[in-house]
Amino acid sequence: MTLSLIAIAVLLVLMLARVPIAFAMALVGGVGFAIMRGWGPAGSMVGNAVFETGLNYSLSVVPLFIFMGNVLAGSGIAQGLFAAANRVFGKMRGGLAMASVLSCGGFSAVSGSSLATAATMAKVAMPSMRAFGYADSLAAGSIAAGGTLGILIPPSVVLIIFGLLTEADIGKLFLAGILPGMLGIVGYLVAVLVAVRLNPGLAPQSVAPAPLTRRDAVSVAAVLALFAFIMIGIYGGFFTPIEAAGMGAAFALLIAAATGGLSRLKLWRAFLDSATASAMIFVIIIGAEIFGNFITFAGLPDTLASAIGDMGLSPWLVLILIVLVYMVLGCFLESLSMILLTVPVFYPLVMNLDFGLASLQDPEAVLIWFAIIVVVVTEISLITPPVGMNVFVLRTVLPDVPLGTIFRGVVPFWIADIVRLAVIIALPVLSLYLT
């Protein structure tokens, strides 16, 4: 237990020193294991972690879903989604910001990546909002927040990795993310309405939406068809969630070919971006696997569970404390790193708690509910300073918008997320109803 706590402290110091999280976890985990077992066993453990992660068939979903999102981003689908959403909300004050949120939700339903959603929609929606006099804070904030939906609305790379870490049913995790994801969209729309009501200067009274073109309609139909194809394929028993990644990527290529929006250069860029992102994710997973093996061998999860049991804390209080830990870590850690670092510690702890609800008597239900809580907290971390990965992505795409402006713009959406998190915790049925 003591060695585990020292290792966590060293890990935090390395991260503050800007050592990449993957290498920091691998270093601390490898050295810690060597101190306990010796350098020979530690070397074998590290080698096995690299070998098993690289050959893990289940992880093939990561590059395939990322590639699917990049293909759609390059084929112009996002522009059609934004135009269609603008037809729904364009005549309302703040309508373009609401259209950005809605189109982010639609794009994230087929991209699986928050960062890809935020980067793509920034290029599509930001010029329109600026042209019609929207404040940069509201415009950028709606895109940054809307982009966070990509890690919850299925197919979600983060939910897949959570499922692989805990051996949860990925198909059920996808279903569990639908209603909380829809609640997130509604919450963000309300946040825009409240923000422009309190400060009308953030947005003009109304914007006359442009007529919906045939290409826009095709884009919306393509997204709906791809989402339906993946979900029906999984739950109709035609293919597994892992196979769905390959089928979805192939379907996305067919859509891109049919719409004619993907040039050879854009296709090459989709391959290159997918390979780069996948390599980064795999290195982080390997580092987390090494660190996880160490803390498991050191007995931290079991010791932590016993200590909390001896303290007699309420299961609900324990859950709230875990959420607060995630909120703090989210200020400093990238979302995937945070999940890989913490789930091996908190997952066994939560599974040993009795929340006293009929809907949470089944261990699988507890696991699925906890997964959604973790992902929603991770969404919040994507727009929480000082890290806020989605904010930094927007800063890269929009270099003339200061970070402070974007962070001010996400405040209403951050508050909406806190409300949604409280609802999900208080009402587990919201996550479990479709499963």
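From a predicted model like this one, the values you see are computed outputs, not experimental measurements.

Caption draft 1: Examining the pattern of salt bridges more closely. In this structure the tally under the stated criterion is 6 salt bridges. Salt-bridge contacts for Asp-136 lead to Arg-130; the nearest nitrogen and oxygen are separated by 3.1 Å. For Asp-136, a relative accessible area of 26% puts it in the partly exposed group. A salt bridge links Asp-417 to Arg-420; the shortest N-O distance between them is 2.6 Å. Within this pair, Asp-417 and its partner Arg-420 are both found in helix H19 (residues 403–426), separated by 3 residues, close to a single helical turn. In this structure, Asp-417 and Arg-420 share a single accessibility class: buried. Each of Arg-130, Asp-136 and Asp-400 takes part in one network of salt bridges that share partners.

Caption draft 2: Representation of the side chain of Thr-378 in the model. As for its position among the elements, Thr-378 is in helix H17 (residues 363–381). Beyond its immediate stretch of four places on either side in the chain, Thr-378 contacts Ile-151, Ser-335, Met-338 and Ile-339.

Caption draft 3: Representation of the packing of aromatic side chains. As enumerated under the stated definition, the model contains 11 aromatic pairs in all. Relative to Phe-271, the ring of Phe-67 lies with its centre 4.7 Å away and its plane at 25°, an arrangement referred to as stacked. Here the residue Phe-67 occupies a position in helix H4 (residues 61–74), and Phe-271 occupies one in helix H13 (residues 264–297), the gap between them amounting to 204 residues. When the ring of Phe-229 is compared with that of Phe-251, the centres are 4.6 Å apart and the planes differ by 20°; the resulting orientation is stacked. Note that Phe-229 is positioned in helix H11 (residues 214–235) and Phe-251 in helix H12 (residues 241–259), a separation of 22 residues in sequence. Residue class for Phe-251 comes out partly exposed when judged on its relative accessible area of 22%. Through pairs of rings, three or more aromatic residues link up here, namely Phe-229, Phe-239 and Phe-251.

Caption draft 4: Highlighting a nonpolar patch on the surface. Together, Leu-27, Val-31, Ile-35, Met-36, Trp-39 and Phe-297 give the surface a local cluster of nonpolar side chains, amounting to about 610 Å² of exposed area. For the nonpolar patch, the element with the most residues is helix H2 (residues 21–37), which contributes 4 residues. Residue classification places Leu-27 among the partly exposed positions, given a relative accessible area of 49%.

Caption draft 5: Region of interest: helix H9 (residues 157–166). For H9, a buried count of 8 out of 10 residues is recorded, marking the element as mostly surrounded by other parts of the structure. Those residues of H9 that fall on the buried side of the exposure criterion are Val-157, Val-158, Leu-159, Ile-160, Ile-161, Phe-162, Gly-163 and Thr-166. Where H9 is buried, its residues contact H4, helix H10 (170–198), H13, helix H16 (335–351) and H17. One side-chain oxygen at the N-terminal end of H9 lies 3.4 Å from the backbone nitrogen of Val-158; it belongs to Ser-156.

Caption draft 6: Looking closely at the environment of Ala-191. Along the polypeptide, Ala-191 turns up in helix H10. The class of Ala-191 is buried, set by a relative accessible area of 7%. Sequence separation of Ala-191 and Pro-412 is 221 residues, and the distance between their C-alpha atoms is 5.5 Å. Not counting residues within four places of it along the chain, the set of residues in contact with Ala-191 comprises Pro-412, Phe-413 and Ala-416.

Caption draft 7: Examining the side chain of Thr-166 more closely. Structurally, the position occupied by Thr-166 is in helix H9. Non-local contacts of Thr-166, meaning those with residues more than four positions away in its chain, are made with Val-343, Tyr-347 and Leu-367.

Criteria and thresholds
Counting restarts for each chain: residues are numbered from 1 in the order of the written sequence. Under the rules for a predicted model, residues below a pLDDT of 70 receive no local features and side-chain atom pairs below 80 are neither given nor counted, while totals for whole chains, interfaces and linings still include all residues. Hydrogens and water molecules were not included; the side-chain quantities draw on all heavy atoms of the structure. By convention in these notes, a salt bridge is any Lys or Arg side-chain nitrogen within 4 Å of a carboxyl oxygen on Asp or Glu. Relative accessibility under 20% of the residue-type maximum defines a buried residue, over 50% an exposed one, and the middle range a partly exposed one, all with a 1.4 Å probe and only protein chains included. Each helix is a run of H or I in the DSSP string that is no shorter than four residues. Each strand is a run of E no shorter than two, and both are numbered from the N terminus. In this description, contact between two residues means that some pair of their heavy atoms is separated by no more than 4.5 Å. The pairing test for Phe, Tyr and Trp rings, Trp by its six-membered ring, is centres within 6.5 Å, and the orientation test on the planes gives stacked under 30 degrees, edge-to-face over 60, and tilted for anything in between. Residues enter patches when their relative accessible area tops 30% and they take part in no salt bridge; the joining distance is 9 Å for like charges and 5 Å for the nonpolar side chains Val, Leu, Ile, Met, Phe, Trp and Tyr. Note that accessible areas follow from Shrake-Rupley with a 1.4 Å probe, and for residues the cover is restricted to the protein chains shown. Polar contact is defined as a pair of N or O atoms within 3.5 Å, subject to the rule that within protein one atom must be able to donate a hydrogen and the other to accept it, and that residues adjacent in sequence are counted only when both atoms are side-chain atoms.

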